[in-house]
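# Structural description and commentary
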Amino acid sequence: MSDIIQLLPDHVANQIAAGEVVQRPASVVKELLENAIDANATEIKLIIKDAGKTLVQVIDNGKGMSVTDARLSFERHATSKIKAAEDLFQLNTKGFRGEALASIAAIAHVELKTKQDDDDLGTAIVIEGSEVKSQDVFVTPTGTSVAVKHLFFNIPARRNFLKSDTVELRHITDEFHRVSLAHPNIAFAFYHNGSDLFNVPQENYRQRVVHIFGTKTNEKLVPVEEETEVLKISGFVGKPNFSKKTKSEQFFFVNQRFIKSPYLNHAIKSAFEGLLKDGYHPSYFLNLTVDPKSIDINIHPTKTEIKFDDEHTLYAILRSAVKHSLGQFNIAPVLDFEHQSSLNTPYNYKDKSAAAPAIEVDRNFNPFSNEPGHSRQKVSNNSGFTSAPKSSWESLYVGLESKSNTSQSDFSEVTFESDSKNTSIFSDSTIETKKTTFQLQQKFIVSTLKSGMLVIDQNRAHQRILYENFLRHITIKEATSQQLLFPLQLHFTPNETKIIEELKADLEHTGFVFSELTAKEIRITGVPVGVPESEVSIILEQLISDVENDVPDTNFSAADLLAKSMAKSLAIKNGQSLNSTEQEHMVNSLFACKEPNVSPTNRPTFITMAVDDIEKKFM
Ligand code: ADP
Ligand code: MG
């Protein structure tokens, strides 16, 4: 029998490839927009007629193509973006397969006009069903315009398969949203049948999200920022009460590429656990940056799925970053521009009946006794007017315990919520702190759990406790202040004073009282309860440097930063010994926090070791 295998002609191969690359007009939109971005355009126009069935055109001001490249760009596997297989693991471009233009040209009428900056004249190519109809020298601005007309003109079955204009336009709009969200530094315009649907300038990410999803979106965004060795996260999640019945506001971008990841989506959902009504979905607009080497984009022809090397780690980091942001939001509703008193109740207590305050007062505890290890009291004593030799750490709590019977608005709320039996983390293993804590290396507090062992980092734990207290006080705007006998006079540079001026209201809500705040002088007559006078200038200096290093652009982050900064300054340090009352108090207060697991800077505050694990070590 004679040979029967033959190579397919190019135009047939292209048509087959087109079946994979081009499912509908929106696929053309995606490929052309991505080419424009890869060409370093800063302005991109998308022009659509009849939902893309008649025309999809993308005009960019990018680097354009030479005469030869213009012609070559329509060949299959013709790309300027990778040269060798290794390059696949270093992708910094959207495209790399070199088949988009070839595929599109196989199933449509394409007109390409392009010019590079150095050239006086550009090139125009007309190509229909893989057949070059003309190639001319052409007067055109720098950049590229690709017009795709009569999509699927030679494949009637595919053309008939297209949905209504409304549906196809929705696909195009989705694609446009994804690409423009991933690139806020590029200006985009989008016209359909002559009317302009979107016109967004170069802007920051928040502005881009708001431009695309409407002005009302602004108030619902909660920033998420996290940077670790393997992953950088930036962007926003929507506040839980703005969650939607649809998944239309869920966006992950990995290295500026829109991706779908059910697994990472799950990480976010679990961070929202307990905050969403059934059937509602969280909104998120998150940019993940990872080493291009650690991902494989090659597994799906339309490239919305990617494979990560270490998905589990990404999951954990993402979940904790989102949780952290939501935690802050729950503590500080007013800082997000509106006050909703219902949100003052942390979500894990919301549906529980109120328990009577369980205040454990150690009658034998004497803050003035000279127990060993009160290293900080020396600092306070040396500094002038502090009347009692209290350690700053103790004084924070002495103040609150003595007041807890009379006032609801002071720190006593912490004690109230610290009834360990109500704390969800210990719901199945009641914490036993009675005489079961001890300090390790003046750094860790070790305690037993029914199920094993708990090791707390004292500095981080105390930062968490103080942070939530300060944030709460800034939020409810009523902190107790302790009057100073003699006003404190401090001097800062005009710039530094300005920073303090900006934070004045928030500082006052923590308990600071300023009698004078001018470029010449700052005079302080009251400080938050428990803050030793000697620490005041250290706190303010720390605050100024934190602000300078991380300029907050909203109230939300300013207050957050203030709380973080003060917590950092005032938290007991490693190397300080704590007596057993202090240790117990630390454990209880930590687990009364809304986010006990992490420090304000997102580091673990404690670790646990299950009995099983301990037993394994003896095998
Ligand atoms: P890929 O993007 O995978 O390389 P394409 O078929 O989409 O494959 O494009 C082929 C080549 O044509 C690109 O590698 C690029 O060099 C060139 N090209 C396509 N569109 C543009 C554009 N808008 N501006 C400049 N060059 C472009
Ligand atoms: Mg491409």
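So, how was this worked out
- Residues numbered from 1 in each chain as written.
- Chains lettered and ligands numbered in written order.
- Predicted model: local features only at pLDDT ≥ 70, side-chain atom pairs only at ≥ 80, totals over all residues.
- Heavy atoms only, no water.
- Helix = DSSP H or I, 4+ residues; strand = E, 2+ residues; numbered from the N terminus.
- Buried < 20%, exposed > 50% of the residue type's maximum accessible area, 1.4 Å probe, protein only.
- Contact = heavy atoms within 4.5 Å.
- Phe/Tyr/Trp six-rings, centres within 6.5 Å; stacked < 30°, edge-to-face > 60°.
- Lys NZ or Arg CZ within 6 Å of the ring centre and 35° of its normal.
- Patch = residues over 30% accessible without salt bridge, like charges linked within 9 Å, V, L, I, M, F, W, Y side chains within 5 Å.
- Areas by Shrake-Rupley, 256 points an atom, 1.4 Å probe, with all protein chains shown as cover.
- Salt bridge = Lys/Arg side-chain N within 4 Å of Asp/Glu carboxyl O.
- Axes fitted to C-alpha atoms, helices over the stretch in contact; angles between N-to-C directions.
- Parallel < 35°, antiparallel > 145°, perpendicular 65-115°, else oblique.
- Left-handed = near helix turned anticlockwise from the far one by under 90°.
- Nonpolar A, V, L, I, M, F, W, Y, C, P; charged D, E, K, R; others polar.
- Polar contact = N/O pair within 3.5 Å; in protein donor to acceptor, adjacent residues only side chain to side chain.
- Pairing = 2+ DSSP bridges.
- Core = buried A, V, L, I, M, F, W, Y, C linked by side-chain atoms within 4.5 Å.
- Domains from an automatic or database assignment.
- pLDDT = per-residue confidence, 0-100.
- Near = heavy atom within 4 Å.

The number of helices and strands found in the protein chain is 18 helices and 22 strands. Looking at the 619 residues of the protein chain, the share that counts as buried comes to 51%. For the protein chain, long-range pairs separated by at least 24 residues make up 69% of all intrachain contacts whose partners lie at least 6 apart in sequence.

With respect to the helices, strands and loops of the structure, Glu175 is situated in helix α6 (residues 165-182). With 147 residues separating them along the chain, Glu175 and Val28 place their C-alpha atoms 9.9 Å apart. With near-sequence residues (within four places) excluded, Glu175 lies in contact with Ala26, Val29 and Lys30.

This part is about the packing of aromatic side chains. Counting across every chain of the model gives 15 aromatic pairs. For the pair Phe176 and Phe190, a centre-to-centre distance of 4.9 Å together with 45 degrees between the ring planes defines the contact as tilted. With Phe176 in helix α6 and Phe190 in strand β7 (residues 187-192), this residue pair connects regions lying 14 residues apart in the sequence. With respect to class, Phe176 is no different from Phe190; both count as buried. The interplanar angle of 65 degrees and the centroid separation of 6.0 Å between the aromatic rings of Phe253 and Phe258 together place this pair among those described as edge-to-face. An aromatic cluster of three or more residues is present, and its members are Phe213, Phe251, Phe253, Phe258 and Phe285. Seen from the ring of Phe161, Lys163 lies directly overhead, with NZ or CZ sitting 5.6 Å from the centre.

A word on a nonpolar patch on the surface. On the surface, a cluster of nonpolar side chains totalling about 510 Å² of accessible area is made up of Met1, Ile4 and Ile5. Tracing the chain through its elements places Ile5 in the segment before α1 (10-21).

Turning next to the packing of α6 against helix α7 (residues 205-213). For any two helices packed against each other, the geometry comes down to the angle between their axes and how far apart the axes lie. Look at α6 against α7: their axes get within 9 Å of each other, and the N-to-C directions meet at 165 degrees. Viewed along their axes, α6 and α7 adopt a mutual orientation that is roughly antiparallel. The hand of the α6/α7 crossing is right-handed. Side by side, α6 and α7 meet where His177, Ser180 and Leu181 of the first sit next to Tyr205, Arg208, Val209, Ile212 and Phe213 of the second. Among the residues making up the contact of α6 with α7, the classes are represented as five nonpolar, two polar and one charged.

Time to look at the side chain of Asp457. Relative to the assigned elements, Asp457 resides in strand β18 (residues 452-457). Looking at Asp457, its side chain comes within polar contact range of the main-chain nitrogen of Asn459, at 3.1 Å. When sequence neighbours within four positions are dropped, the list of residues in contact with Asp457 reads Lys443, Phe444, Asn574 and Thr605.

Tallying each qualifying case throughout the model produces 15 salt bridges. Of the charged contacts in the structure, one is a salt bridge between Asp165 and Lys53, with a shortest N-O distance of 2.8 Å. Residue Asp165 is found in helix α6, and its partner Lys53 is found in the loop between β1 (43-49) and β2 (55-60); the two are separated by 112 residues along the sequence. Under the relative-accessibility criterion, Asp165 is labelled partly exposed at 34%.

Turning to the sheet that holds strand β6 (residues 143-149), a few remarks are in order. The pairing of strands in a sheet happens through backbone hydrogen bonds and is either parallel or antiparallel. Read from one edge of the open sheet, eight strands run β5-β4-β3-β6-β2-β1-β7-β8, paired in mixed fashion. Each of the sheet's edge strands pairs with one partner strand only, and the pair in question is β5 (131-138) and β8 (195-200). With strand direction ignored, the average angle separating the axes of adjacent strands in the sheet is 10 degrees. As defined by bridge partners, strand β3 (residues 109-115) adjoins strand β4 (residues 122-128) across six bridges and the pair is classed as antiparallel. Considered in β4, the bridge of Val110 is made with Ile127. In the packing of helix α2 (residues 25-38) onto the sheet, contacts are made with β1, β2, β6 and β7, and the angle to β2 comes to roughly 10 degrees. Where α7 meets the sheet, it contacts β7 and β8, and its direction lies at approximately 165 degrees from that of β8.

Quick look at the pairing of strand β9 (residues 221-227) now. As paired strands, β9 and strand β10 (residues 232-238) are joined by seven bridges and run antiparallel to one another. Bridged to Leu221 within β10 is Gly238.

This brings us to unusual backbone geometry. Positioned with a positive phi, Asn193 is a non-glycine residue whose angle comes to about 45 degrees. Note on placement: Asn193 falls in the loop between β7 and β8. Judged by its relative accessible area of 43%, Asn193 falls in the partly exposed class. Of note, the phi angle at Gln441 is positive, near 55 degrees, even though the residue is not glycine. Mapped onto the elements of the fold, Gln441 is located in the loop between β16 (438-440) and β17 (444-449).

Counting residues in each nonpolar core, the largest one holds 58 residues, and the members touching the most others are Leu32, Ile44, Leu46, Val148, Phe188 and Phe285. Examining the composition of this core, we find that seven residues originate from one element, α2, more than from any other. Counting contributing residues per domain, this core is built from domain 1 (10-200) and domain 2 (206-328), each supplying no fewer than three. For Val148, the contacting residues outside a window of four places in its chain are Val28, Leu32, Thr54, Leu55, Val56, Ile104, Ala108, His109 and Val110.

Okay, the confidence of the model for the protein chain next. Note: predicted coordinates in regions of low pLDDT should not be interpreted at a detailed level. On average, the protein chain scores 79 in pLDDT, and the residues at 70 or more come to 80%. When mean pLDDT is compared element by element in the protein chain, β2 scores highest at 98, while helix α12 (residues 412-417) scores lowest at 32. Predicted confidence is poor over residues 331-352, with pLDDT under 50, and the contacts of this stretch with residues over four places away or in other chains come to 49 contacts. Under a pLDDT of 50 for its full length, residues 552-556 has, in the predicted model, nine contacts with residues more than four places off or in other chains.

Neighbouring ligand 1 are 18 residues, the closest being Asn35, Thr79, Ser80, Lys81 and Gly98. At 2.7 Å, a backbone N or O of Gly98 approaches an oxygen atom of ligand 1. Between an oxygen atom of ligand 1 and a main-chain N or O atom of Leu101, the distance comes to 2.9 Å. Across the complex, the protein chains shield 93% of the 530 Å² of accessible surface that ligand 1 would expose by itself. Of the residues contributing to the shell around ligand 1, the split by class is six nonpolar, eight polar and four charged.

Below, the discussion takes up the sheet that holds strand β11 (residues 250-254). Reading across from one edge, β9-β10-β13-β11-β12 is the order of the five strands in this open sheet, with mixed pairing throughout. Among the strands making up the open sheet, the edge pair consists of β9 and β12 (257-259). Here the average twist between neighbouring strands, direction ignored, is 20 degrees. For β10 and strand β13 (residues 284-289), the ladder comprises six bridges, and the chain directions are antiparallel. When the sheet's bridge partners are listed, Gly235 is paired in β13 with Leu286.

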